[in-house]
Amino acid sequence: MAKLISLLFHPLWIPTFLFAIVYHFAPSVMTPQELNPRIILVIFTLTGIIPIITLVFMRLPYFLMVARLWVDQLANGGPDTKTLMSLRPKIEMVNRQSIIHSFGMEDRAERVIPFFVITAFYISVCVMMGNKMGWDSFFVIAMSTIAGISLLVSVITLFWKISVHSVSVNSMVGFLMAAMVSKVEPELLYPLLGSILAAGAVMSARLYLDVHSPAQVGWGCLLGFAISFTATWIYL
């Protein structure tokens, strides 16, 4: 269950959740140009699908090695357990040579490059959409804040393994709370309560899986909420 919660509320899905909630429950926060159902698909593609494809490419040597071994085994009459076991050290060596060793990125060091790459992509999305939609749109304000948080998290990760799950899900709480209060949007109350429950579940899951310490989860919560709430309060 803890792994499922971590997957459902993966940091890459949070921007899509946030914009979908605002679009459906508080459209007055958005500009007329943003009130298009396709905007959710665009956000999902830009902040979810493309970063995932980037992560896959960072493990490409490992996937190519495994695929080649399976093709060789099938060409020789089918998988041979003994042969596959003998090749396991070679497969592990190739995996260690990849930029990331697993999609969970449990080692702090392997998070650094992906985090900075995704941050650079988020910044480019902000610039592109800011020039297209205007810098006062909710999309650009939120994405600029997300990009700023991502950059700060990337820098922190150079020295410490802060919980990105905690940062991202509590950023959503901060966005929704500030939008509800500053724009007087009572319709956001129930989504806000749901996001608070989700944040509690995610933080508990990360602690249960023992991938973060309480300090890493706690500081992630504080950083994500404080920055997103403050930025949204100021710009909205």
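Keep in mind that this is a model prediction, so the values were computed, not measured.

Reading guide: rules and limits
Residues numbered from 1 in each chain as written. Predicted model: local features only at pLDDT ≥ 70, side-chain atom pairs only at ≥ 80, totals over all residues. Heavy atoms only, no water. Helix = DSSP H or I, 4+ residues; strand = E, 2+ residues; numbered from the N terminus. Polar contact = N/O pair within 3.5 Å; in protein donor to acceptor, adjacent residues only side chain to side chain. Contact = heavy atoms within 4.5 Å. Axes fitted to C-alpha atoms, helices over the stretch in contact; angles between N-to-C directions. Parallel < 35°, antiparallel > 145°, perpendicular 65-115°, else oblique. Left-handed = near helix turned anticlockwise from the far one by under 90°. Nonpolar A, V, L, I, M, F, W, Y, C, P; charged D, E, K, R; others polar. Buried < 20%, exposed > 50% of the residue type's maximum accessible area, 1.4 Å probe, protein only. Core = buried A, V, L, I, M, F, W, Y, C linked by side-chain atoms within 4.5 Å. Patch = residues over 30% accessible without salt bridge, like charges linked within 9 Å, V, L, I, M, F, W, Y side chains within 5 Å. Areas by Shrake-Rupley, 256 points an atom, 1.4 Å probe, with all protein chains shown as cover. Salt bridge = Lys/Arg side-chain N within 4 Å of Asp/Glu carboxyl O. Phe/Tyr/Trp six-rings, centres within 6.5 Å; stacked < 30°, edge-to-face > 60°.

Describing the side chain of Thr232
Thinking step 1. When you line up the elements, Thr232 lands in helix α11 (residues 214–235).
Thinking step 2. Within the local environment of Thr232, its side chain forms a polar contact with the backbone oxygen of Ser228, the two atoms lying 2.7 Å apart.
Thinking step 3. Once residues within four sequence positions are removed from consideration, Thr232 is found in contact with Phe175, Ala178 and Ala179.

Points about the packing of helix α7 (residues 108–133) against helix α8 (residues 138–157)
When two helices pack together, their arrangement is captured by the angle between the axes and the distance separating the axes.
Thinking step 1. Where α7 contacts α8, the two axes come as close as 8 Å, and the packing angle between them is 160°. Taken together, the axis directions place α7 and α8 in an arrangement best described as roughly antiparallel. The crossing of α7 and α8 is left-handed.
Thinking step 2. Partitioning the contact of α7 with α8 into residue classes produces 17 nonpolar, six polar and two charged.

A closer look at the environment of Thr54
Thinking step 1. For Thr54, the position within the fold is in helix α3 (residues 38–58).
Thinking step 2. For Thr54, a relative accessible area of 27% puts it in the partly exposed group.

Some words on the side chain of Gln216
Thinking step 1. Summarising the element assignment, Gln216 is placed in helix α11.
Thinking step 2. Judged by relative accessible area, which is 12%, Gln216 ranks as buried.
Thinking step 3. Beyond its immediate stretch of four places on either side in the chain, Gln216 contacts Trp160, Lys161, Ile162, Ser163 and Val211.

Side note on the nonpolar core
Thinking step 1. With 44 residues, the main nonpolar core has Phe19, Phe139, Met143 and Leu176 as its most contacted residues.
Thinking step 2. For this core, the secondary-structure elements that each account for two or more residues are α1 (2–8), α2 (14–25), α3, α7, α8, α9 (164–182) and α10 (189–208).
Thinking step 3. In this structure, Phe115, Ile149, Val164 and Leu223 belong to the second largest nonpolar core, which totals seven residues.

Brief notes about a nonpolar patch on the surface
Thinking step 1. A cluster of nonpolar residues, Leu151, Val155, Leu158, Phe159, Trp160, Trp219 and Leu222, forms a patch on the protein surface that exposes about 700 Å² of accessible area.
Thinking step 2. Classification of Leu151 by relative accessible area gives partly exposed; the value is 38%.

Details of the packing of aromatic side chains
Thinking step 1. In the structure shown here, the tally under the stated rule is five aromatic pairs.
Thinking step 2. When the ring of Phe229 is compared with that of Trp233, the centres are 6.0 Å apart and the planes differ by 15°; the resulting orientation is stacked. On the criterion of helical spacing, the pair formed by Phe229 and Trp233 is a turn pair, its members being four residues apart in helix α11.
Thinking step 3. For Phe229, a relative accessible area of 23% corresponds to the partly exposed category.
Thinking step 4. Taking the relative accessible area as the measure of exposure, Trp233 reaches 45% and is therefore partly exposed.
Thinking step 5. Members of the aromatic cluster, joined through ring pairs, are Phe225, Phe229 and Trp233.

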